[in-house]
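# Chain and residue survey
One-letter residues, chain by chain:
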Amino acid sequence: MARRFNAAPHASEWVFACTVLLIALVVMPSAVANEPGSSGPPRLRPTNEEPLTDYRALRRMHAKSSRFNQEAWLEAWTELDASGFRYQIVSACGSDYVRNKVLKAVLKREQELVAEGAERAALTEANYVFTEDEDRIGTDGERYVVIKPRRKDIVLVDGHMVLSRDGADLLRIEGRLAKNPSFWTNLVKVVRHFATVDGVTVPVSTESIARLKLAGESKLDIMYEYESINGRNVSVAARQILA
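Residues numbered from 1 in each chain as written. Predicted model: local features only at pLDDT ≥ 70, side-chain atom pairs only at ≥ 80, totals over all residues. Heavy atoms only, no water.

## Focus: the side chain of Glu110
Note the cut-off: Here a helix means four or more residues in a row that DSSP labels H or I, a strand means two or more in a row labelled E, and each is numbered from the N terminus. The cut-offs for exposure are 20% and 50% of the maximum accessible area for each residue type, with area from a 1.4 Å probe on protein chains only; residues under the lower value are buried, those over the upper are exposed, and the others partly exposed. Nitrogen and oxygen atoms within 3.5 Å of one another constitute a polar contact, given that in protein one can donate a hydrogen and the other can accept it, and given that sequence-neighbouring residues count only through two side-chain atoms.
With respect to the helices and strands, the residue Glu110 is situated in helix H2 (residues 96–116). When its relative accessible area of 5% is taken as the criterion, Glu110 is described as buried. Separated by 2.6 Å, the side chains of Glu110 and Arg59 make a polar contact.

## Examining unusual backbone geometry
Glycine aside, the phi torsion of most residues is negative, and most peptide linkages are trans. One non-glycine residue, Asp198, lies in positive phi territory at about 50°. By the element assignment, Asp198 lies in the loop between strand S8 (185–197) and strand S9 (200–212). Despite not being glycine, Asn230 has its phi angle at roughly 55°, a positive value. On the basis of relative accessibility, which here comes to 11%, the residue Asn230 falls in the buried class.

## Focus: the pattern of salt bridges
Side chains that differ in charge, positive against negative, can pair when their charged atoms come close. Inclusion rule: Definition used for salt bridges: Asp or Glu carboxyl oxygen within 4 Å of a side-chain nitrogen of Lys or Arg.
Overall, the coordinates contain 13 salt bridges when judged by the stated rule. Among the salt bridges present, the one from Arg59 reaches Glu110, with a minimum N-O distance of 2.6 Å. Within this pair, whereas Arg59 is found in strand S1 (residues 55–65), its partner Glu110 is found in helix H2, the two being separated by 51 residues in sequence. Salt bridges linked by common partners bring Arg56, Glu79, Asp81, Arg86 and Glu227 together as one network.

## Re the nonpolar core
Side chains of a nonpolar character, in soluble globular proteins, are inclined to be buried together. Under the convention used in this document: What makes a nonpolar core is a set of buried Ala, Val, Leu, Ile, Met, Phe, Trp, Tyr and Cys residues whose side-chain atoms join them at distances within 4.5 Å. Residue contacts are counted whenever heavy atoms from the two residues lie within 4.5 Å of one another.
Core analysis: the biggest nonpolar cluster contains 27 residues, and Tyr55, Met61, Leu103, Val202, Tyr226 and Ile229 have the highest contact counts within it. In this structure Leu103 touches Met61, His62, Ala63, Ala72, Trp73, Leu74, Val98 and Leu220, once residues within four positions along its chain are discounted. Grouped together as the second largest cluster of nonpolar side chains are 19 residues, Val145, Ile147, Ala178 and Ala210 included.

## Let's talk about the confidence of the model for the chain
Applied cut-off: The predictor's confidence in any single residue is recorded as pLDDT, a number from 0 to 100.
Of the residues in the chain, 74% have a pLDDT of 70 or more, and the chain-wide mean is 78. In the model of the chain, helix H1 (residues 8–24) stands out as the element of lowest mean pLDDT, 55, in contrast to strand S3 (residues 84–94), which has the highest, 95. Segment residues 39–48 is flagged for pLDDT under 50; beyond a separation of four residues in sequence, or across chains, it makes 32 contacts in the model.

Okay, structure coming up:
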């Protein structure tokens, strides 16, 4: 008799990889600022150096597993402040399995990881060595900074930080996890895009791919639509730029 393949253990690896990506990349320009004389990257210089302290945003999530040939979508209101991370699911469709075992599980695990604290994942010189990649320049003059983890850790990213031409704005972070979450995970790659909204830099989208030994390639895409940032409603002008 053929042995039935149990997807559950491998879906849990997918969930773990996805949530690690979300926590590892919760990074704001204020966390990248250098002390005088440091060897880190060119200091980010936003017009308004106000750090992100809280937000309320509609999050649109899509997950797909090529091997299982299943996918699902989910929308949820998410809030982050000094008391932690909260979410309220407003709609979901697609595979019941992917909705419950992946998308909902990602939100729950993110809530738990935020409660535990994410200092070990911060983009600081305590966690990374920064080197500007002078040989690589974007089509619009973007500057690339190599971010090299000081240790092998599943919450650190080995890759690049991409800055605007003048180094004033964080545009995106791209790379792979410095350490695979488990034996079953071959590779976890991620690209997270940022934008400055009403003077505060926030993530606006995340694209990630996890390659699992038995479960194949799994993808997670997330879009953020902000209602308020740091206690203030997002301006109409900012909404138009992000649309």
